[in-house]
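# Fold and geometry: a report
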Amino acid sequence: MNTFQVLKHIESQLEYYTPSEILVAEYVLKFPDKVIEMTTKQLALAAGSSEAAIIRFCKRIGINSFSGLKIELAKGVNMEEVYGRVLNSPLHFKDNLETVLNKVMVNTFQALNNTEKLISLTEIEKAVESLHNAERVYLYGAGGSAVVVEDFTQKLLRVNFLAFQASDIHVQMMMSANLTSKDVLFVVSTSGHTKEVIKLMTVAREKGATIILLTQHGKSPARKLADITLTISEEEHNLRIGTMTARIAQLVVIDCLFVSLCMKKGHGVYEQIINTHQVVQRMKEGEE
């Protein structure tokens, strides 16, 4: 993460910090150049907080130590002025094509970098284990999240998972009525507040199925219902044009899960991938 990315990430999470962590966050946001030269003791004194709060704060934003935070800050001390305008203005009608490309690329890279810091390897491992051992996998996402779910469903089918996904929530609810403790419900919800997603997860919990949730960082009703939560960063606050950065980050997590599942299945997975490719290829050749 470059400095402007770290600072934006810190600012976006202010509502989730403890009071002592907020004091640290506010000081870092206001005086990032000074923090680079400080010790934890000096920062604690300057911010009116404690050294323990500084360490907790660093871990909360996905950095293992205070020295790690200073390194991230120092990486781009002179870059914020150059890139700040790109990050802080997602859509201006006077932008030329080059500026649009720069904004999309920079914001996407930021989302991926911040997600890497936030996502838990332990949760990924638990998700892979649950999916690998599942008798059936049911997947659901509403709106833009449905695109991500469809991608994962296709990947699972390629390696012979019993994967079921319906875009119609009523059909998905009917399928969920037959969930068991041997099944997994995989849900993608960017906000974690979508009503039909909450209802679906509630049914799955009643049936005893394992619930895996892929969502943005932050508190939400969906998080309380999930057994395993895969967290991406929250980048789009004011103007969300199709949740662009969220979708890319979600797809990267999906790819990580898929590759890990293939590794867990062993060498036999190659034959499954080749078989499905050949069948689809025959269909394409028949159309020509």
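Look a little higher up for the structure.
Residues numbered from 1 in each chain as written. Predicted model: local features only at pLDDT ≥ 70, side-chain atom pairs only at ≥ 80, totals over all residues. Heavy atoms only, no water.

The element strand β5 (residues 228-232) is extensively covered by neighbouring structure, given that 5 of its 5 residues are classed as buried. Where strand β4 (residues 210-216) lies against β5, 5 bridges are found, and the strand directions are parallel. By the bridge assignment for β5, I212 is matched with I228. (Buried < 20%, exposed > 50% of the residue type's maximum accessible area, 1.4 Å probe, protein only. Helix = DSSP H or I, 4+ residues; strand = E, 2+ residues; numbered from the N terminus. Pairing = 2+ DSSP bridges.)

Quick look at the pattern of salt bridges now. Tallying each qualifying case throughout the model produces 10 salt bridges. Residues K126 and E123 are paired through a salt bridge, measuring 2.9 Å at the closest nitrogen-oxygen approach. Of the two residues, K126 and E123 both sit in helix α9 (residues 121-133), 3 residues apart, roughly one turn of that helix. Look at E123 and you get buried, because its relative accessible area is 15%. Among the salt bridges present, the one from D255 reaches K155, with a minimum N-O distance of 3.4 Å. With a gap of 100 residues between them, D255 in helix α14 (residues 244-265) and K155 in helix α10 (residues 145-158) connect regions that are remote in the sequence. Each of the salt bridges in this network shares a partner with another, and the network as a whole consists of E21, R56 and R60. (Salt bridge = Lys/Arg side-chain N within 4 Å of Asp/Glu carboxyl O.)

We now examine the packing of aromatic side chains. Applying the stated criterion to the full structure yields 4 aromatic pairs. Between Y17 and F57 the ring centres are 5.5 Å apart and the planes differ by 75°, which places this aromatic pair in the edge-to-face class. Placement of the pair is Y17 in the loop between α1 (3-12) and α2 (19-30) and F57 in helix α5 (residues 51-60), with a sequence separation of 40 residues. The class for F57 is buried, based on a relative accessible area of 0%. Positioned above the aromatic ring of F31, the side-chain terminus of K34 is 4.4 Å from the ring centre. The side chain of K265 reaches across the aromatic face of F161, ending 4.9 Å from its centre. (Phe/Tyr/Trp six-rings, centres within 6.5 Å; stacked < 30°, edge-to-face > 60°. Lys NZ or Arg CZ within 6 Å of the ring centre and 35° of its normal.)

Within the sequence span of α5, burial applies to A53, I54, F57 and C58. The buried residues of α5 occupy an angular sector of 140° when the element is viewed end-on, so they sit on one face. (Arc of directions from axis to C-beta.)

Relative orientation of the contacting elements α10 and α14 amounts to 15°, with a least axis distance of 10 Å. When the axes of α10 and α14 are compared, the pair comes out roughly parallel. In this structure, α10 crosses over α14, and the sense of that crossing is right-handed. Mapping the contact onto sequence places V148, D151, F152, K155 and L156 in α10 and R247, Q250, L251, I254, D255, L257, F258 and L261 in α14. Considered class by class, the residues forming the contact of α10 with α14 number 8 nonpolar, 1 polar and 4 charged. (Axes fitted to C-alpha atoms, helices over the stretch in contact; angles between N-to-C directions. Parallel < 35°, antiparallel > 145°, perpendicular 65-115°, else oblique. Left-handed = near helix turned anticlockwise from the far one by under 90°. Contact = heavy atoms within 4.5 Å. Nonpolar A, V, L, I, M, F, W, Y, C, P; charged D, E, K, R; others polar.)

Each full turn of the α-helix corresponds to 3.6 residues, which orients residues three or four apart in the same direction. Restricting attention to buried positions, one finds in helix α11 (residues 169-176) the residues I169, Q172, M175 and S176. Down the axis, α11 shows its buried residues gathered within 115° of arc, on one side only. Every exposed residue of α11 that faces more than 90 degrees away from the buried side is listed here: H170 and M174. As for α11, its buried residues are in contact with β1 (137-141), β2 (163-165) and α12 (195-207). Capping the start of α11, D168 holds a side-chain oxygen 2.8 Å from the backbone nitrogen of H170, two or three residues further along. (Polar contact = N/O pair within 3.5 Å; in protein donor to acceptor, adjacent residues only side chain to side chain.)

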